[in-house]
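Fold and geometry: a report
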Amino acid sequence: LTKSKNYEEQYLELVRFMEQAKAYNQEASNLNDQRLAAMKGVFSGSQTLYVHAQVVKELREAIQLKKRLDIPKMVFVGAYDAIQIADELKTNNIPVILQRVHSLPARAEDDVDLPYKLPYLLRQAGVLVALNNEGDMEQAGVRNLPFYAGTAAAYGLSKEEALQTITLNTAKILGIDSSCGSIEVGKDATLFISGGDALDMRGNLVSHAWIKGQSVVLNNRQIELYRRYREKYRK
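Report on the accompanying structure. (Residues numbered from 1 in each chain as written. Predicted model: local features only at pLDDT ≥ 70, side-chain atom pairs only at ≥ 80, totals over all residues. Heavy atoms only, no water.)

Read across the open sheet, the four strands follow the order 1-2-3-4; overall the sheet is parallel. With partners counted over all chains shown, the strands left at the sheet margins are strand 1 (49–53) and strand 4 (129–131), one partner each. Put simply, the sheet's adjacent strands are angled 25° from each other on average, direction ignored. Pairing geometry for strand 1 and strand 2 (residues 74–78), over five bridges, is parallel. (Pairing = 2+ DSSP bridges. Helix = DSSP H or I, 4+ residues; strand = E, 2+ residues; numbered from the N terminus. Axes fitted to C-alpha atoms, helices over the stretch in contact; angles between N-to-C directions.)

Structure, rendered in structure tokens:
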């Protein structure tokens, strides 16, 4: 959790840009600045500002910026120290998309299982929580999201709450929960069927999946190789 050497300078530059963007979008101007114009939705509430931050100082300064510029929708991504200011997050209605649950603690003095417990601790504090797989090889590793949720269930969350951290909660944060995130009448029929516990790598066996009601072909390179060599060694 090291801070950039130029953090203060970069933060002030960001504040100046955000102030300019708000002024640009509130007042008639002869200027044509596409960077500033692109920020209009952040101040009107039609877009969400995602802040990638980890430590308390960064998180609190982002909250101050939200208040100062009256930004309607802000989400913290990463937010390792979020539990230390959970009350402030709840008061300011700021959801959190946590970093990888399967991680070591960031500080020597932290509980060894703190990353596993953070979803539960934040949920108990009334903060809306989702999980992500941001970082190295994130596209390949996204298959581990169900198991991150499974670990969160083993460390305090109920199975239903854990599942929501990668389904309904995520949809709420993205603002698309009216169409997906849960199985309800009128939604997109985006769902899957697992032969076992989908949050447990020992039981996760997805047999069918649909996106907006359309069946998804689940075959992939790994399955093809498994079948090929299963038959090879069976003979």
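From this point, the narrative continues.
We now examine the environment of Ile-223. Examined against the element boundaries, Ile-223 turns out to sit in helix 11 (residues 221–234). With 188 residues separating them along the chain, Ile-223 and Arg-35 place their C-alpha atoms 45 Å apart.

A few words on the pattern of salt bridges. Taken as a whole and judged by the stated rule, the model has 13 salt bridges. A salt bridge links Arg-107 to Asp-81; its shortest N-O distance comes to 2.8 Å. In this pair, Arg-107 is assigned in the loop between strand 3 (96–98) and helix 6 (114–124) and Asp-81 in the loop between strand 2 and helix 5 (86–91), connecting sequence segments 26 residues apart. The class of Arg-107 is partly exposed, set by a relative accessible area of 24%. Here the salt bridges share partners, and the residues they tie into one network are Glu-8, Lys-57 and Glu-61. (Salt bridge = Lys/Arg side-chain N within 4 Å of Asp/Glu carboxyl O. Buried < 20%, exposed > 50% of the residue type's maximum accessible area, 1.4 Å probe, protein only.)

In the structure shown here, the tally under the stated rule is three aromatic pairs. The interplanar angle of 10° and the centroid separation of 6.3 Å between the aromatic rings of Tyr-7 and Tyr-11 together place this pair among those described as stacked. Taken together, the positions of Tyr-7 and Tyr-11, both in helix 1 (residues 7–26) and four residues apart, correspond to about one turn of that helix. Taken as a pair, Tyr-7 and Tyr-11 share a single burial class, namely buried. (Phe/Tyr/Trp six-rings, centres within 6.5 Å; stacked < 30°, edge-to-face > 60°.)

Moving on, we come to helix 4 (residues 56–69). The terminal C-alpha atoms of helix 4 lie 20 Å apart, and with 14 residues this matches the ideal 20 Å at 1.5 Å per residue to within 8%. Looking at helix 4, one finds that the buried residues are Val-56, Glu-58, Leu-59, Glu-61, Ala-62, Ile-63, Leu-65, Lys-66 and Leu-69. Following helix 4 by one or two positions, Asp-70 has its phi on the positive side, about 55°. (Expected span 1.5 Å × (residues − 1).)

Bringing the sheet that holds strand 7 (residues 214–215) into the picture now. If you trace the three strands from one edge of the open sheet to the other, you get 5-6-7, paired in antiparallel fashion. The sheet is open, and its two borders are formed by strand 5 (191–194) and strand 7, each paired with just one other strand. As judged from the two bridges shared by strand 6 (residues 206–211) and strand 7, these two strands associate in the antiparallel manner. From the neighbouring strand, Trp-210 faces strand 7, where its bridge partner is Ser-215.

Side chains of strand 1 alternate between two faces, with Leu-49, Val-51 and Ala-53 buried and Tyr-50 and His-52 left unburied. Chirality of the crossover, the property in question, places the unit of strand 1, helix 4 and strand 2 among those that are right-handed. (Right-handed = clockwise from strand over helix to strand, strands pointing away.)

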